[in-house]
Amino acid sequence: SMDRLGNTVCVGSGDDANPTRPRLLAGSHSDTQPTGGWLDGALGVVFAIEAARALKEHGLPQVLDVVNFNDEEGRFGSLVGSTSICGGNIDMGSVSSSPEGVAPRLTLGEEIRNRDLQDLPLFRLGDGPLKGPYFGYFEAHIEQGRRLERGNVDVAAVTGIVGLRQCRVLFSGESNHAGSTQMRDRRDAFQGAIQFAYKLNNIMGQKYGSTEAVWTMGKIEVSPGAASIIPSHADLTVQWRAATEERMDEMYLEVKRLVEAFRGDPEVPVDVELDAGDRLAVEAVHMDSHLVDIVRESAVHSGASCEDLFSGAIHDAGIIKKMGQIPSVMLFVPSIDGISHDFREDTKEE
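Residues numbered from 1 in each chain as written. Predicted model: local features only at pLDDT ≥ 70, side-chain atom pairs only at ≥ 80, totals over all residues. Heavy atoms only, no water.

Let's talk about the packing of aromatic side chains
So, step 1. Inspection of every chain in the model, using the stated rule, returns four aromatic pairs.
So, step 2. A centroid spacing of 6.0 Å and a plane angle of 15° characterise the contact between Trp240 and Tyr252, whose relative ring orientation is stacked. Within this pair, whereas Trp240 is found in strand 8 (residues 233-242), its partner Tyr252 is found in helix 6 (residues 245-263), the two being separated by twelve residues in sequence. As far as burial versus exposure is concerned, Trp240 and Tyr252 are alike and both buried.
So, step 3. The structure contains a cluster of three or more aromatic residues connected by ring pairs, namely Phe171, Phe196 and Phe262. (Phe/Tyr/Trp six-rings, centres within 6.5 Å; stacked < 30°, edge-to-face > 60°. Helix = DSSP H or I, 4+ residues; strand = E, 2+ residues; numbered from the N terminus. Buried < 20%, exposed > 50% of the residue type's maximum accessible area, 1.4 Å probe, protein only.)

A short note on the nonpolar core
So, step 1. Among the nonpolar cores identified, the biggest contains 41 residues, and Val67, Leu130, Tyr137, Met287, Ile314, Met330 and Phe332 are the most heavily contacted of them.
So, step 2. Elements represented by at least two residues in this core include exactly strand 3 (64-69), strand 4 (134-142), strand 5 (155-161), helix 7 (289-301), helix 8 (316-322) and strand 12 (328-333).
So, step 3. Beyond its immediate sequence surroundings of up to four residues, Val67 is in contact with Thr8, Val9, Leu25, Ala26, Gly27, Ser28, Val45, Ile85 and Tyr137.
So, step 4. The next biggest cluster of nonpolar side chains, apart from the first, holds 28 residues, and it includes Phe196, Met204, Met251 and Phe262. (Core = buried A, V, L, I, M, F, W, Y, C linked by side-chain atoms within 4.5 Å. Contact = heavy atoms within 4.5 Å.)

Concerning the pairing of strand 3
So, step 1. Taken across its six residues, strand 3 has six buried, putting it largely inside the fold.
So, step 2. Burial of the side chains of strand 3 extends over both faces: Leu64, Val66 and Asn68 are buried on one face and Asp65, Val67 and Phe69 on the other.
So, step 3. When strand 1 (residues 8-10) meets strand 3, the two strands line up antiparallel, connected through three bridges. Note that in strand 3 the partner of Thr8 across the bridge is Asn68.
So, step 4. The sheet contact formed by strand 2 (residues 23-29) and strand 3 spans six bridges and is parallel. Residue pairing for strand 3: Ser28 is matched across the bridge by Asn68.
So, step 5. Following the backbone out of strand 2, through helix 1 (residues 42-57) and into the adjacent parallel strand 3, one traces a crossover that is right-handed. (Pairing = 2+ DSSP bridges. Right-handed = clockwise from strand over helix to strand, strands pointing away.)

Let's talk about the side chain of Asp15
So, step 1. With respect to the helices and strands, Asp15 occurs in the loop between strand 1 and strand 2.
So, step 2. In terms of polar contacts, Asp15 uses its side chain to reach the side chain of Arg21, at 3.0 Å.
So, step 3. Sequence-distant contacts of Asp15, that is, excluding residues within four places in its chain, are made with Arg21, Pro61 and Val63. (Polar contact = N/O pair within 3.5 Å; in protein donor to acceptor, adjacent residues only side chain to side chain.)

Brief notes about the environment of Ser13
So, step 1. In this structure, Ser13 sits in the loop between strand 1 and strand 2.
So, step 2. A relative accessible area of 61% places Ser13 in the exposed class.
So, step 3. A sequence separation of 330 residues divides Ser13 from Phe343, and the C-alpha atoms of the two residues are 37 Å apart.
So, step 4. Beyond its immediate stretch of four places on either side in the chain, Ser13 contacts Arg23 and Gln62.

The values reported here are purely geometric and, on their own, carry no functional implication.
Structure representation (structure tokens):
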């Protein structure tokens, strides 16, 4: 069955001998990024379906429910499907973040109506097809990195999922003619953003380059956005991830300090502002230790090599564990060349 957000659930028939027996919820998401990734999420859904099929073929109790979350990748927000299932509020007025050439810039409510889903219910844990009760949640996923492949390791038992912080830094200058305005007279917002990004990358590298923390400046919007006009505004998105709240707070302070330094620097001819009202925060989550042990033991039993990894990517399992209060665990398989969020994303058949 499907709900209003496109979340899909397949419920096992249960255990006839013990109708109240707790179940395992398993799955992932099937949406992907604009540049592809055929296994990111979908692999976990296929794993769960295959496990359900195996239970049935071997005449075992059908105490496995399969879930396919929609919009994990964040077209209309962060981990929309699993957040909704766990009772979180979803903004139907959220506008699609997909590039114009990929998908229309509609609101979530408009997209739901376009798909004719508006009359369907919203699934919730503990009710309807997800009434459970669940003793755990299992999600298989590609690693989306090179650690397993580099170590020639078959699988990983995921011990936790990093937290994420994100903010915008705004640069304001002055639009002017790109040909007749001398360089010394320019207030180029884009150049200010470039300088900021370069310095922040150096600061983060010096302080956190040898740790598990990572940082990215992967989005910048420049306006007016014409080749012959000096940019008056630049909007830089800064994102960082780490395994602890303390580390992420430290990294945010580095962003704030650099903003203040730019404000007080007479050599920076633009205004710089930290948009603290548009921050994204996702807490780090530790997986259930008992279920992690089961993943390790299952790997050994099947003859596969296994090591513990902390996930550098955000996953639905973190939401199910944190918001849904269900013990959760993940299994990683190697990503060929560490590639993900790209059409080349793949893993070995065996």
